[in-house]
Number of protein chains: 2
Amino acid sequence: MKQIYLVTGNKNKLREWQQMMPADVSLSSADIDLMEMQSSDVEEVAADKARRAFKELGKPVVVEDVSVELAKLHGLPGPFVRFFLKAMGDDALYALTRGDEPRAVVACAVAYFDGEHLFTVRGEVPGRIVPPRGENGFGFDATFMPDGYDTTYAEMSAEDKNTVSHRRRAIELFIKAVQE
Amino acid sequence: MKQIYLVTGNKNKLREWQQMMPADVSLSSADIDLMEMQSSDVEEVAADKARRAFKELGKPVVVEDVSVELAKLHGLPGPFVRFFLKAMGDDALYALTRGDEPRAVVACAVAYFDGEHLFTVRGEVPGRIVPPRGENGFGFDATFMPDGYDTTYAEMSAEDKNTVSHRRRAIELFIKAVQE
């Protein structure tokens, strides 16, 4: 049985992860505060965070980081998106793109480090930024419509969102990588 | 004679600092690469960087960090501005504000750490973002017009810019702080 620690204080996130783990992986959460490095490359941020988490815990760790890459902003705000949501509110991405190129990629980077092996994966969902619609989810969910859907993340049920989300894709890639 | 190391690889920056130093301070440069923390607070970024620089050098250090705070973006991109200039080009700030609220504050944070005393100062220049004009300077200089002037940073001579700049104001505050 492989024991891995997911760095999060969010029980819903832990549950989403646990539901997807294969039978031979036991996932617990570790609620620790980690400094993040300043980089526009979300995989680099996640890898650095995994190293810090391992240094603190001394056990195999996995961390996540989210990035929103707006075509209009040439790939930014990227991992800095959380600062924009905090400063400008949940509709920040719509305020940044209004009346202009709405293409965006939402990405989740997952990094694993056990003191010896370090790897990162990146799950991404292409789509576009739209005027806010829907009441579910959180953060930028009401302003992001994935390609192939005519609803925003915030108009989907949690189950439906989980089947298409950037996090889901990243977790799937992570499981593949762990099994190899 | 107090010996301080300015973390920079830029000889012009070192000279600008040296010209302003009081007679009892000797300033040399240390060209080291430092990780920066992800924060929208430029003084916090600078303070963290000063701690890292001291850890590496073991001598009194001073570091700088620049932030551009757009009213339209509720104070962002802040210290992340360098990523926006790199991704979107030198006119990034104009692209971000075009046709909208042009108010901006350009700030320079300076942090000092000698292993015992840590302090930061912040020099700032209020102004507005305008269509690019002028050939001097670098980065966002062509798009920033300080309050009280009808020229952009890039339309000023280096000497004139140095008398009004965010860096000059920060260095002046730093000298006051060092002398106390």
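Residues numbered from 1 in each chain as written. Chains lettered and ligands numbered in written order. Predicted model: local features only at pLDDT ≥ 70, side-chain atom pairs only at ≥ 80, totals over all residues. Heavy atoms only, no water.

I keep staring at the overall build of chain A and nothing clicks. Help me out?
Helices and strands together make up the secondary structure of chain A, namely 6 helices and 7 strands. Starting at the N terminus and ending at the C terminus, chain A contains elements arranged as β-α-β-α-β-β-α-α-β-β-β-α-α. On C-alpha atoms alone, chain A measures out to a radius of gyration of 16 Å, which is about the 16 Å that the 2.2 N^0.38 rule sets for 180 residues. The long-range share in chain A, meaning contacts at least 24 apart out of those at least 6 apart in sequence, stands at 54%. Distance between charge centres in chain A, computed from 22 positive and 29 negative side chains, equals 2 Å. (Helix = DSSP H or I, 4+ residues; strand = E, 2+ residues; numbered from the N terminus. Rg over C-alpha atoms; globule rule 2.2 N^0.38 Å. Contact = heavy atoms within 4.5 Å. Lys, Arg positive; Asp, Glu negative; His and termini not counted. Charge placed at Lys NZ, Arg CZ, Asp CG, Glu CD.)

Sorry if this is basic, but what is going on with the pairing of strand β3 (residues 61-70) of chain B here?
As a general feature of sheets, a regular strand has side chains that alternate between the two faces. Residue and element names in this part refer to chain B. Most of β3 sits inside the fold, with 9 of its 10 residues counted as buried. Pairing between strand β1 (residues 2-7) and β3: 2 bridges, direction parallel. By the bridge assignment for β3, Y5 is matched with V61. As paired strands, β3 and strand β4 (residues 77-78) are joined by 2 bridges and run antiparallel to one another. (Buried < 20%, exposed > 50% of the residue type's maximum accessible area, 1.4 Å probe, protein only. Pairing = 2+ DSSP bridges.)

Would you explain the side chain of T152 of chain A in this entry?
Residue and element names in this part refer to chain A. Looking at where T152 falls in the secondary structure, it is placed in the loop between β7 (144-146) and α5 (158-164). For T152, a relative accessible area of 0% translates into the label buried. Excluding residues that lie within four positions of it along the chain, T152 makes contacts with V130, R133, D141, A142, F144 and M145.

What exactly am I supposed to notice about the side chain of E64 of chain A here?
All names here are of chain A. Counting through the fold element by element, E64 comes out in strand β3 (residues 61-70). A distance of 2.8 Å separates the side chain of E64 from the side chain of R167, its partner in a polar contact. When residues no more than four places from it in sequence are discounted, the contact partners of E64 are K13, W17, K49, C108, A109, V110 and R167. (Polar contact = N/O pair within 3.5 Å; in protein donor to acceptor, adjacent residues only side chain to side chain.)

Teacher, can you tell me more about the interface of chain A and chain B here?
Across the boundary between the two partners, chain A contributes 22 residues, which contact 22 residues of chain B. Here chain A packs against chain B, burying approximately 1900 Å² in sum over the two surfaces, 68% of which is carbon and sulfur. Linking chain A to chain B there are 0 salt bridges. Those elements giving two or more residues to the side of chain A that touches chain B turn out to be α2 (42-57) and α3 (81-88) of chain A. Counting residues per element, the side of chain A that touches chain B draws most heavily on α3 of chain A, which supplies 5 residues. Its residues assigned to classes, the side of chain A that touches chain B comprises 13 nonpolar, 4 polar and 5 charged. (Buried area = accessible area lost by both parts, 1.4 Å probe. Salt bridge = Lys/Arg side-chain N within 4 Å of Asp/Glu carboxyl O. Nonpolar A, V, L, I, M, F, W, Y, C, P; charged D, E, K, R; others polar.)

Looking at this model, I keep getting lost on the relation of the copies chain A and chain B. Mind explaining?
One copy of the chain maps onto the other through a rotation about an axis followed by a shift along the same axis. Laying chain A over chain B is done by rotating through 180 degrees and shifting 0.0 Å along the axis; what remains is an RMSD of 0.0 Å. Considering both components of the superposition, the chain copies are consistent with a two-fold axis. Interface overlap between copies: 100% of the residues of chain A at the interface are likewise at the interface in chain B, consistent with a symmetric, same-surface contact. (Least-squares fit on C-alpha atoms with pLDDT ≥ 70 in both.)

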